[in-house]
Amino acid sequence: MSIPTGTAATEPLRDDIRLLGSILGQIVRRHAGEAAYELVEKARIESFRVRRSELDRADLATMFGGVATADTIPVIRAFSHFALLANLAEDLHRERRRALHISAGEAPQDSSLAATYAKLDAADLDPDAVAVALSHALVSPVITAHPTETRRRTVFVVQSRITELMRRRGRADEATEIAAIDRQLWRQILTLWQTALIRLSRLRIQDEIETGLRYYEASLFEVVPALDAEVRRELRSRWPGTGLLTEPIVRTGSWIGGDRDGNPNVTADVVRRATDRAATTVFGHYRSELADLEQELSMSVRLVPVTAELTALVAAAADDEPSRADEPYRRAIRGIRGRLAGTAQRLLDDPPDFDVPAREPYPSPADLLADLEVLDTSLRAAGAEVLADDRLARLRSAVEVFGFHLSALDLRQNSEVHGRVVAELLAWAGVTDDYAVLSEERKVELLTRELGIRRPLSAPDAQLGELTTAELGVLRAAADAIRRLGAHAVSHYIISMCGSVSDLLEAAVLLKEVGLVDHTGVGPRCPVAVIPLFETIEDLQRGAEILGAALSIPEFRSLVDSAGSVQEVMLGYSDSNKDGGYLAANWALYRGELDLVECAREHGIRLRLFHGRGGTVGRGGGPSYDAILAQPPGAVTGSLRLTEQGEVIAAKYAEPRSARRNLESLVAATLESTLLDVEGLGADAPAAYAILDDLADRARTAYGELVHETPGFVEYFRTATPVGEIGRLNIGSRPTSRKPTSSIADLRAIPWVLSWTQSRVMLPGWYGTGTAFESWVGDDDTRRAALTDLYARWPFFRTVLSNMAMVLAKSDLGLAARYAELVPDTDLRERVFGKIVDEHARTVRTYLAITGQPDLMADNPALARSVHNRFPYLEPLNHLQVELLRRLRAGEDTDEVRRGIQLTMNGLATALRNSG
């Protein structure tokens, strides 16, 4: 079977885009009116003329300058919807191409588990070494709230329906069937057009919690348990008798409702809501699965034998319904449903209705699992393995993965807040009135002593300040969730801006204050891991030193040992990038990981890294498989966690096929990075590291000269991007800055990156790199050859350059110039934008010279297709955003203008896919 290539390969994609765009166009014409349709069509045609250099951009901008604000809204909505539909078409095209490769009998593609299993088989690995390497295996995507992901549930559901209809259309043979599907597509796209894309009010944390939970019903309940079971089966078949993966390898997490760093809206009530809604969601899943299982397992005791254990389970169920008298499995499941109903009533404020009388609650998920295993054993004893391996197997795996809690809620707070709270508690207890001014050595001594003793620092009736009361309330809500739902309900406590040992110990003391530290053993134990987040470049450079000093303290080491001698460390991609630029941040992360790996080895613990990756390259984004393989040796010891954010979550987890593909790539990369040598540098590593040390210093200097040293840069940034409007629009529950200042340092990384992305500069994903390369290479061809060699051999360097090329390809300095025109100071505009233009050209030039690629998209055909097929449709959204920003800043501060700006942000975020 031959696979189409070239133009023939992309024709189905173009057909899909034409079909969906045509339906959308007809709907716009009929429901928005002829004038709106003609404006949309004119904008579309003129945008393509701009891309073909047949029309000057200024002419297109002038066209929008004369359009009334009310008339811009349907145009913005039309192009935003088109971007969403084009995303669906591209996802389906990738799916179609993968199926063609499989049908042609080609070797499995990298990032698939099939390819990984083949690599492992070829490596002839030692079974005992594999067992040790995977003894704490964990792959955990952690869903976070994100202001660029504002899609409403209705839009989310319609997207899924359109995707499935397009799949059916691709399989249809008859014209009548295709016509029927097209009518249904019309209905769904009409629904999309008549549904508001954005909310009228600011997104609340409650909304964000529900948005995060929707992905379980959409895909994760189906995909995660099945993937866990498959990986366990495949690895155990290769290395039998090693006891691999005693726990599920894929387990999900969430920050939504627990991340209160700079977000005062996260309260004790929010933590309770987040954990309760998660638990309610998983109990609802079990309810549905058990009801279906009861219908399916209709076997009669008159026809099949059952085990004694099942007979006992039937007796305990006390189900006397005559119609089920000879149906033991149905009676047993009825009893399980009753016990689960009782469990839900005991644990939840608003339990789902199980439609059966509540019975004695299950003490733990393990007890529920034991009853399900009785069903499984009885079915297999009767030769009904095919039934045991279906819904029952999926349910058993789901209980293993999700328990009664669904996903682990992470807590996060800034170290500065911890210091203030601990200071007040120590003062209330009479320990010290001047904690804040103590030396680091004295703080560590004092905190270590407090951690080692049982007594709390306050009393229930203590009159404490508002901040301390709120922080302790959050921790008490977390402790309550752990007591009710199990230790996995809240199992991570992350310290933002962790810069010292005392920062770690303060968090541990606060956990002790709410009863989460147990002193009944040899040393203190805690079910919640204390996790430092190293995010600035300086903190990344000192991370191993801080962790090593903490591990040398017996009380802290006892906490780590009680968690299986695993210490997790979170790495912040966002602030390090904002601090020092793209190349310097990426290299600081790599160097920091190398140091942390050595620290863990010296202290005899296992290191787990938690990667705080955002959707965009400027915040650690890019293909996850490549990113994991680009980690330094020893950094992926069978486990990792990473954040999933914003529109990237919808792209990855909106439906089962994409969820399976993305989770599979995470597991595949984790297994390869753990069990195989993927760095590829060997003895050349020290020389390569020295080159990157030099390049990173040069890049950071170039970046700092623009961002931190150029007079007026902050003013330029605030006027040439929509950063000021982001904070005033209803696109998230979190403030845009940690503090009410105008400092770049205090600005959150999301609005920093989002602003540059919306204005099509994409500055955080490349600036400074071109200068670093050019100045280091000079006229020395041997140095250029050295970089070319590193690009060919070193996954880290290749991934850094590949991700940068993707960002550069999505940038458009012609459009960025339109945003620069918003800067009223002509001298400032020309000075800053001139530097950006020069560095952009320098970066593109050096990238092509090092890689030998003919253009930025040569190694990324999917992006090349996007740029060719649909990036021209972004042009009107950028021009209209600039026009509406101009009107808003000129005093036209109306709801219509604000809504238009928000719609352009939503549309651009959707179209660019990894925008913030």
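Structure: above.
Overview of the structure. Being a predicted model, the structure only gives us computed values, none of them experimental.

### Digging into the overall build of the protein chain
And then number 1: Scanning the protein chain from terminus to terminus reveals 37 helices and eight strands.
And then number 2: In summary, the protein chain has a C-alpha radius of gyration of 29 Å against a globular reference of 29 Å for 916 residues, a match within 12%.
And then number 3: Of the roughly 34400 Å² of accessible surface on the protein chain, a fraction of 51% belongs to carbon and sulfur atoms.
And then number 4: A distance of 4 Å separates the average location of the 107 positive side-chain charges in the protein chain from that of its 129 negative side-chain charges.

### Details of helix α32 (residues 795-810)
And then number 1: When the terminal C-alpha atoms of α32 are compared, their 22 Å separation across 16 residues agrees well with the 22 Å that a helix rising 1.5 Å per residue should span.
And then number 2: Counting buried residues along α32, 14 of its 16 residues qualify, which places the element largely inside the surrounding structure.

### Thoughts on the nonpolar core
And then number 1: Grouped together as the largest cluster of nonpolar side chains are 162 residues, with contacts concentrated most on Leu235, Leu375, Phe402 and Phe556.
And then number 2: For this core, the element with the most residues is helix α9 (residues 205-238), which contributes twelve residues.
And then number 3: Membership of the second largest hydrophobic core comes to 130 residues, among which are Met166, Trp193, Phe773 and Val777.

### Concerning the pairing of strand β5 (residues 529-534)
And then number 1: Across the six residues of β5, five count as buried, placing the element largely inside the fold.
And then number 2: Relative to β5, strand β4 (residues 492-496) is paired through four bridges, and the arrangement is parallel. In the sheet register, Tyr493 faces β5, and the bridge partner there is Val530.
And then number 3: Between the parallel pair β4 and β5, the chain is carried across by helix α18 (residues 501-513), and the sense of this crossover is right-handed.
And then number 4: Bridge count between β5 and strand β6 (residues 566-572): two bridges; the pairing is parallel.

### A closer look at the pattern of salt bridges
And then number 1: Tallying each qualifying case throughout the model produces 76 salt bridges.
And then number 2: As a salt-bridge pair, Arg51 and Asp812 come within 3.1 Å of each other at their nearest N and O atoms. With Arg51 in helix α2 (residues 34-51) and Asp812 in the loop between α32 and α33 (813-820), this pair connects stretches of sequence that are 761 residues apart.
And then number 3: Given a relative accessible area of 29%, Arg51 falls into the partly exposed group.
And then number 4: Two residues, Arg238 and Asp121, come together in a salt bridge whose shortest N-O distance is 2.8 Å. Of the two residues, Arg238 is situated in helix α9 and Asp121 in helix α5 (residues 113-123); the sequence distance between them amounts to 117 residues.
And then number 5: We classify Arg238 as partly exposed; its relative accessible area is 24%.
And then number 6: Salt bridges linked by common partners bring Glu95, Glu164, Arg167, Arg171, Glu655 and Arg657 together as one network.

### Quick notes on the sheet that holds strand β1 (residues 138-144)
And then number 1: What the eight strands build is a closed barrel, ordered β1-β2-β3-β4-β5-β6-β7-β8; its pairing is parallel.
And then number 2: Two strands pair when backbone bridges link them, and β6 and strand β7 (residues 606-612) are joined in this way by seven bridges, in the parallel orientation. From the neighbouring strand, Gly572 faces β7, where its bridge partner is Gly612.
And then number 3: The strands touched by helix α19 (residues 537-551) within the sheet are β5 and β6, with β5 carrying the most contacts at an inclination of about 150°.

### Remarks on the pairing of strand β8 (residues 639-645)
And then number 1: Judged by how many residues are buried, β8 sits mostly within the fold: seven of seven residues are covered.
And then number 2: Across the two faces of β8 the burial is the same, with Ser639, Arg641, Thr643 and Gln645 and Leu640, Leu642 and Glu644 all buried.
And then number 3: Bridge count for β1 against β8 is seven bridges, and the pairing is parallel. Following the sheet pairing, Pro141 is matched in β8 by Leu642.
And then number 4: Across three bridges, the pairing between β7 and β8 is parallel. Each bridged residue has a counterpart across the sheet, and for Phe610 the counterpart in β8 is Arg641.

### Focus: a negative patch on the surface
And then number 1: On the surface, Asp71, Glu892, Asp895 and Glu896 cluster together into a negatively charged patch.
And then number 2: Along the chain, the position of Glu896 falls in helix α37 (residues 895-912).
And then number 3: Residue classification places Glu896 among the partly exposed positions, given a relative accessible area of 34%.

### A word on the packing of aromatic side chains
Here the distance between the centres and the angle between the planes together describe a pair of aromatic rings.
And then number 1: This structure, assessed with the given rule, holds 26 aromatic pairs.
And then number 2: Judged by centre distance (5.8 Å) and plane angle (85°), the ring pair of Trp752 and Trp756 falls under edge-to-face. With Trp752 and Trp756 both in helix α29 (residues 749-758) and four residues apart, the pair spans about one turn of that helix.
And then number 3: With relative accessibility at 1%, the residue Trp756 sits in the buried group.
And then number 4: Residues Trp794 and Phe796 carry aromatic rings whose centres are separated by 5.2 Å and whose planes lie at 50° to one another, so their mutual orientation is tilted.

### Considering the side chain of Ser500
And then number 1: Mapped onto the elements, Ser500 comes out in the loop between β4 and α18.
And then number 2: On the accessibility criterion, Ser500 (13% relative accessible area) is buried.
And then number 3: Of note is the side chain of Ser500, whose polar atom sits 2.9 Å from the side chain of Ser502.

### Brief notes about unusual backbone geometry
And then number 1: Residue Asp355 is not a glycine yet carries a positive backbone phi of 60°.
And then number 2: Looking at the element boundaries, Asp355 is found in the loop between α12 (328-347) and α13 (365-381).
And then number 3: Phi is positive for Met762, close to 60°, though the residue is something other than glycine.
And then number 4: Mapped onto the fold, Met762 is located in the loop between α29 and α30 (769-777).
And then number 5: Classification of Met762 as buried rests on a relative accessible area of 6%.

### Focus: helix α8 (residues 175-193)
And then number 1: Here α8 is 19 residues long and its end C-alpha atoms lie 26 Å apart, about the 27 Å a rise of 1.5 Å per residue gives.
And then number 2: Within α8, burial applies to Ile181, Leu185, Gln188, Ile189, Leu190, Leu192 and Trp193.

### Observations concerning the side chain of Ser112
And then number 1: With respect to the helices, strands and loops of the structure, Ser112 is situated in the loop between α4 (69-103) and α5.
And then number 2: Given the relative accessible area of 16%, Ser112 is considered buried.
And then number 3: Beyond its immediate stretch of four places on either side in the chain, Ser112 contacts Glu664 and Ala668.

### Concerning the environment of Ser22
And then number 1: Among the secondary structure elements, Ser22 is positioned in helix α1 (residues 6-32).
And then number 2: Along the backbone, Ser22 and Thr710 are 688 residues apart, and their C-alpha atoms lie at a distance of 48 Å.

### Focus on the state of the cysteines
And then number 1: Applying the stated criterion across every chain, the model contains zero disulfides.
And then number 2: Cysteine Cys526 remains unbridged, with the sulfur of Cys498 as its closest cysteine sulfur at 16 Å.
And then number 3: Cys599 takes part in no disulfide bond, and the closest cysteine sulfur to it belongs to Cys498, at a distance of 13 Å.
And then number 4: Relative accessible area serves as the criterion here: at 5%, Cys599 is assigned to the buried category.

### What to know about the packing of α30 against helix α31 (residues 781-793)
Packed helices, taken two at a time, are described by their axes: the angle between them and the distance between them.
And then number 1: Where α30 contacts α31, the axes come no closer than 8 Å and their chain directions differ by 135°. When the axis of α30 is compared with that of α31, the two are oblique. Facing Phe773, Trp776 and Val777 of α30, the residues of α31 in contact are Arg783, Arg784 and Leu787.
And then number 2: Here the contact of α30 with α31 is built from residues that sort into four nonpolar, no polar and two charged.

### A look at the environment of Ser458
And then number 1: Relative to the elements of secondary structure, Ser458 occurs in the loop between α16 (440-451) and α17 (466-485).
And then number 2: Residue class for Ser458 comes out buried when judged on its relative accessible area of 12%.
And then number 3: Residues in contact with Ser458, not counting those within four places in the same chain, are Leu425, Trp428, Leu464, Arg476 and Glu513.
And then number 4: Within the structure, the side chain of Ser458 is placed 2.7 Å from the side chain of Glu513, a separation counted as a polar contact.

Calculation notes
- Residue positions are given per chain, counting from 1 as you read along its sequence in written order.
- Local features in this predicted model are restricted to residues of pLDDT 70 or higher, and side-chain atom pairs are both shown and tallied only at a pLDDT of 80 or more, whereas totals for entire chains, interfaces and linings draw on every residue.
- Computation of side-chain values covers all heavy atoms of the structure but excludes hydrogens and water.
- A helix here means a DSSP run of H or I that spans at least four residues, while a strand means a run of E at least two residues long, and both kinds are numbered starting from the N terminus.
- Throughout, radius of gyration means the C-alpha value; the globule benchmark is 2.2 Å times the number of residues raised to the power 0.38.
- To be clear on the numbers: accessible area is Shrake-Rupley with a 1.4 Å probe, and residue cover counts the displayed protein chains and nothing else.
- By the counting scheme adopted, Arg and Lys are positive, Glu and Asp are negative, and His together with the chain ends is not counted.
- Working definition for charges: the position is that of NZ of Lys, CZ of Arg, CG of Asp or CD of Glu.
- For a helix, the expected span equals 1.5 Å multiplied by the residue count minus one.
- Each residue gets one of three labels from its accessible area relative to the maximum for its type: buried under 20%, exposed over 50%, partly exposed in between, using a 1.4 Å probe on protein chains only.
- Here, nonpolar core refers to any group of buried Ala, Val, Leu, Ile, Met, Phe, Trp, Tyr and Cys residues whose side-chain atoms link them within 4.5 Å.
- A strand pair is defined by DSSP finding two or more bridges across the two strands.
- Look down the strands so they point away from you; if going from the first strand over the helix to the second traces a clockwise path, that crossover is right-handed.
- Throughout this description, the term salt bridge denotes a Lys or Arg side-chain nitrogen within 4 Å of a carboxyl oxygen of Asp or Glu.
- The criterion used for residue contact is that any of the two residues' heavy atoms lie within 4.5 Å.
- Angles here are taken between N-to-C directions and fall from 0 to 180 degrees, while the axes themselves are lines fitted to C-alpha atoms, restricted in helices to the stretch in contact.
- Nonpolar side chains (Val, Leu, Ile, Met, Phe, Trp, Tyr) within 5 Å and like charges within 9 Å form the patches, drawn only from residues with over 30% relative accessible area and no salt bridge.
- In summary, the pairing rule links any two rings of Phe, Tyr or Trp, Trp by its six-membered ring, whose centres are within 6.5 Å, and it sorts them by plane angle into stacked for under 30 degrees, edge-to-face for over 60 and tilted for everything else.
- What qualifies as a polar contact is a pair of N or O atoms within 3.5 Å, subject to a donor-acceptor requirement within protein and to the restriction that residues adjacent in sequence count only when both atoms come from side chains.
- Disulfides are defined in this document as cysteine sulfur pairs within 2.5 Å.
- Oblique is the label for any angle not under 35 degrees, not over 145, and not in the 65 to 115 range, which are roughly parallel, roughly antiparallel and roughly perpendicular in turn.
- Here the term charged refers only to Asp, Glu, Lys and Arg, the term nonpolar to Ala, Val, Leu, Ile, Met, Phe, Trp, Tyr, Cys and Pro, and the term polar to all other amino acids, Gly among them.

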